[in-house]
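# Descriptive analysis of the structure
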Number of protein chains: 2
Amino acid sequence: MTQQAAIALGVDLRVLAAAPDESAARVIRDVRIGHHTDLDALRAFAAGCDAVTFDHEHVPTGHVEALAAAGVAVRPGAAALVHAQDKAVMRERLGAAGVPCPAWARVASAADLKEFGEEHGWPVVLKAVRGGYDGRGVWVCDSAEQAAEVLGSGVELMAEAFVPFERELAVLVARSPHGQGVSYPVVETVQRDGICVEVIAPAPGLDPEHAARAQHIALKVATELGVTGLLAVEMFQLPGGRVVVNELAMRPHNSGHWTIEGARTSQFEQHLRAVLDLPLGSPSPVAPVAVMANVLGGADPDVFARYEHVMAHDPGVKVHFYGKEVRPGRKIGHVTALGTDLAEVRARARHAAVHLATGEYV
Amino acid sequence: MTQQAAIALGVDLRVLAAAPDESAARVIRDVRIGHHTDLDALRAFAAGCDAVTFDHEHVPTGHVEALAAAGVAVRPGAAALVHAQDKAVMRERLGAAGVPCPAWARVASAADLKEFGEEHGWPVVLKAVRGGYDGRGVWVCDSAEQAAEVLGSGVELMAEAFVPFERELAVLVARSPHGQGVSYPVVETVQRDGICVEVIAPAPGLDPEHAARAQHIALKVATELGVTGLLAVEMFQLPGGRVVVNELAMRPHNSGHWTIEGARTSQFEQHLRAVLDLPLGSPSPVAPVAVMANVLGGADPDVFARYEHVMAHDPGVKVHFYGKEVRPGRKIGHVTALGTDLAEVRARARHAAVHLATGEYV
C-alpha cells in the first residue's frame with residue numbers, strides 16, 4: 001500500500017524482503033532479498049537510499065543504531081523506535097512524561113505476578129516485553145498459577161492492570177523531522193480474539209473535548225519520543241471518557257487503513273511525506289463515516305472466487321488484497337465503505353469482509 | 001497509475017515496455033522489454049496473461065487480431081480498438097450508427113480539400129487518419145494552399161468541418177464483456193495548443209438533460225463498437241447545448257485522472273475490473289467539484305525542488321508524478337483538488353500545477 005502512494009509522489013521504493021513472494025516484493029521493482037535481523041543485509045539495502053523506514057517493529061534496535069551511525073537517515077530513529085519495540089521502556093517513558101497509562105511492573109516470577117495482582121486486582125494482563133503482535137504475547141491471567149508456563153519460558157515479561165474499558169480508540173498522528181505534526185480523527189477499533197476486525201472513523205459519539213484530548217496525547221507522545229513518520233496510539237476509553245494509552249506503533253497501521261479512501265491524505269502517503277521531511281498532507285476525512293473491516297483468512301483460500309458477489313452487491317465498497325497466502329485468521333486484506341449513516345456503512349463493510357473470507361451472506 | 005489500482009485488487013500486472021526506464025516499468029516487477037509493434041514480442045508478453053489491455057492506441061490492429069486468433073483475451077478487441085486508431089473508420093461507423101459527428105471526408109489532394117472547404121466553409125480541420133495525439137496530426141487550415149506540405153507528405157488524411165464549439169466535454173464510460181456499462185459524470189476539458197491542461201468534474205452549469213444525452217451517446221458508442229474496458233468520448237458542445245463527437249480513446253484517459261481521488265472508483269480500477277469481466281465499481285463523485293490540472297514540463301527539470309511549496313501551501317492538493325523525464329510541454333504529472341467552490345478549487349489546482357512546472361506563483 002506504500003507503493004501505491006510512492007507511485008503518485010514519484011518516490012522510488014526499494015524493499016528488503018525475506019523472500020521474493022512477500023507482499024511488498026510482488027509490487028516493487030527494486031527488491032533486495034535478506035532478513036531484517038541481518039545487519040549486513042540491512043547495510044547493503046540502505047546504501048544509496050535517501051531515507052530508510054519500516055513496515056514492522058522487528059528490526060533490532062542495535063541494528064537501527066548501527067545504520068544511523070553509518071550515516072543512514074533511518075526514520076523513525078532507534079531512540080524513538082525502541083518505544084514501539086519494548087513495552088517496558090515505553091511505559092517508563094510515557095509515565096515519566098505524564099501520559100496516562102495502566103499501572104504496570106516488570107515481573108520475573110510467580111511471586112512478582114502474585115504481588116502485582118494483590119495490589120492492582122485480578123485479572124492481570126501479562127505481556128511479553130518484546131515481540132508481541134495481534135494478540136500474541138498477551139495473556140489475561142486470573143491467578144499467578146495460571147501463568148506458570150509463560151513465567152517459566154524465559155521470556156521477558158511485564159504485568160499491567162486490567163483496564164475495565166468501554167471501548168478501544170486509536171489516534172494516528174504524523175510528525176516530520178522539521179517538527180510538523182498532524183492528527184487524523186480519533187477512530188474506534190473493534191477487536192475480536194486480540195485481532196482488530198473493524199475500524200470506525202470517526203469514533204461514534206465521541207465527545208469533542210475527549211477527542212481533542214486523545215489527539216493531544218498522541219501528538220505529545222510523538223513529540224516526547226522524537227517520532228518521525230507515523231505514530232499510531234492505541235487507547236482504552238474508560239467510563240466517563242478518560243483514556244489511557246495501550247500500545248504504540250510507528251508505521252502505517254491497521255487503524256489507519258480507512259484513510260486510503262476516507263481521508264484527503266492516506267496514511268501511506270503521509271508516512272512517506274513525513275520520513276522524507278516534506279510538508280504533511282491534510283488528514284481531513286472525505287465522508288461523514290468511514291468503516292474499514294479486515295478480511296481474515298477462512299477455510300477456503302480462493303478469495304478471488306468471491307470477488308464477484310462483493311463487487312456486484314455493492315459497487316461502492318473498496319476491496320484491498322495484500323497478496324498474502326490465505327491462512328485461517330490471517331489478515332489477508334481489508335474493505336472500506338464510506339457514507340453518512342453509521343449502521344448502514346458498518347453493515348456494508350461487514351458484509352463484504354465476511355463474504356470474502358467465508359462466502360457467507362451476513 | 002494502473003499499478004496503484006492493481007495492488008488493491010490483488011491483480012498481478014505484467015508490462016511490455018520499450019525500455020526499462022519507462023514510467024510503468026519503474027513500478028511493476030514483471031517487465032518484459034520489447035516494442036509494441038513487434039508481434040513476436042507481443043506474443044511472448046501475452047503468454048500466460050489472463051487478459052491483455054493497452055495504455056495507448058499504437059499496437060497495430062493486425063497484431064491485436066493475431067493475438068486474439070492465438071487465443072489471447074485482448075480487451076478491447078481489434079474490432080473495437082480500430083475505431084480509436086483510425087479516425088476515418090471511426091467516423092464511418094459513428095455516422096452509420098446515427099451518432100452526431102462533424103461533417104467529414106477523406107482527402108488525398110489539394111483539390112479534395114478545396115472542394116470540402118467550399119462545401120463546408122473555412123477553416124477546415126485536416127487530420128492524419130492514424131497516429132495523431134495531443135494536437136499532433138491535426139492542422140486547422142484557412143485554405144488548401146496552406147496545407148500543401150501536409151498534403152504532399154504521403155500521410156493518409158481526412159478533412160472535418162470546423163465546429164464553432166462553446167466548450168469541450170468528455171464522457172468516460174466503462175463496459176465489460178458481460179455487458180455491464182457505467183458512465184462517469186460529464187466533465188469539461190480545457191485545451192491549450194491542442195493539449196489538455198485542465199479537467200473540471202462535473203462540467204460546470206451543464207443542463208442535466210444535456211448531460212444525460214452526452215452520457216447516453218458515450219454508452220451507445222461503447223455498445224455499438226463492442227468496447228470492453230474504458231471508452232473516453234471527447235465531444236464539442238455547440239451553442240444551445242447539442243454535442244458532436246470529436247475523438248475516442250479506449251483506455252484510461254487524461255480526462256479521467258480526476259477519478260483517482262474524485263470518484264468512488266478510479267478509472268484505473270474501473271478499467272481493470274472491466275477487462276477482467278468483474279462487476280464495475282461506482283462512478284459516483286466524492287465531492288461537489290473536482291479539478292485536475294496537468295503538470296507540463298517547463299524549462300527547469302527539477303520538479304522535486306518545487307514539491308515543498310506546493311505541499312505546504314495546500315495540504316489538500318494531490319500530486320501525481322509519472323516518472324517521466326521532463327521535457328518542455330510534456331505531460332509529466334497532474335494535480336487534483338476537491339472542494340465545493342468551483343473558482344476556489346480551480347485556483348488551487350492551477351496554482352499547484354503551474355508552480356510545479358515553472359516555479360511561478362499564480
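Under an unreviewed UniProt entry, the name given to chain A is N5-carboxyaminoimidazole ribonucleotide synthase, and the source organism is Sphaerisporangium rufum. Recorded in UniProt for chain A, the comment headed Pathway (unreviewed entry) runs: "Purine metabolism; IMP biosynthesis via de novo pathway; 5-amino-1-(5-phospho-D-ribosyl)imidazole-4-carboxylate from 5-amino-1-(5-phospho-D-ribosyl)imidazole (N5-CAIR route): step 1/2." As its UniProt record puts it under Sequence similarities (unreviewed entry), chain A is described as follows: "Belongs to the PurK/PurT family."

### Things to note about the domain arrangement of chain A
Partitioning chain A into structural domains gives domain 1 (2-84), domain 2 (103-161) and domain 3 (167-358). The straight-line distance from the C-alpha centre of domain 1 of chain A to that of domain 2 of chain A is 33 Å.

### Structural notes on the interface of chain B and chain A
Facing 37 residues of chain B, the contacting portion of chain A comprises 37 residues. Both sides of the chain B and chain A interface together cover about 3400 Å² of buried area, and 52% of this is carbon and sulfur. Considering only the side of chain B, the residues that lose the most area to chain A are I7, R29 and R264 of chain B, jointly responsible for 19% of the buried surface there. Between the two partners, chain B and chain A, sit 4 salt bridges. Notably, a salt bridge pairs E269 of chain A with K318 of chain B, separated by 3.1 Å at the nearest N-O pair. Counting across the interface, chain B meets chain A through 21 residue pairs in polar contact (both at pLDDT 80 or more). Breaking the side of chain B that touches chain A down by element, the ones donating at least two residues are α1 (2-9), α10 (267-275), α11 (307-313) and β14 (318-321) of chain B.

### Let's talk about the pairing of strand β11 (residues 229-237) of chain A
Residue and element names in this part refer to chain A. Among the 9 residues in β11, 9 count as buried, and that is most of the element. Across 9 bridges, strand β7 (residues 167-175) lies against β11 in antiparallel orientation. Its bridge partner being in β11, A170 is matched across the sheet by E234. Pairing of β11 with strand β12 (residues 243-249), which is carried by 5 bridges, proceeds in the antiparallel orientation. Its bridge partner lying in β12, A232 is registered against A249. Hairpin geometry of β11 and β12 is characterised by an intervening segment of 5 residues between the two adjacent antiparallel strands and by a positive phi of about 100 degrees at G240.

Each value, and the rule that gives it
Residues numbered from 1 in each chain as written. Chains lettered and ligands numbered in written order. Predicted model: local features only at pLDDT ≥ 70, side-chain atom pairs only at ≥ 80, totals over all residues. Heavy atoms only, no water. UniProt positions renumbered as here; feature names shortened; annotations may be inferred. Domains from an automatic or database assignment. Contact = heavy atoms within 4.5 Å. Buried area = accessible area lost by both parts, 1.4 Å probe. Salt bridge = Lys/Arg side-chain N within 4 Å of Asp/Glu carboxyl O. Polar contact = N/O pair within 3.5 Å; in protein donor to acceptor, adjacent residues only side chain to side chain. Helix = DSSP H or I, 4+ residues; strand = E, 2+ residues; numbered from the N terminus. Buried < 20%, exposed > 50% of the residue type's maximum accessible area, 1.4 Å probe, protein only. Pairing = 2+ DSSP bridges.

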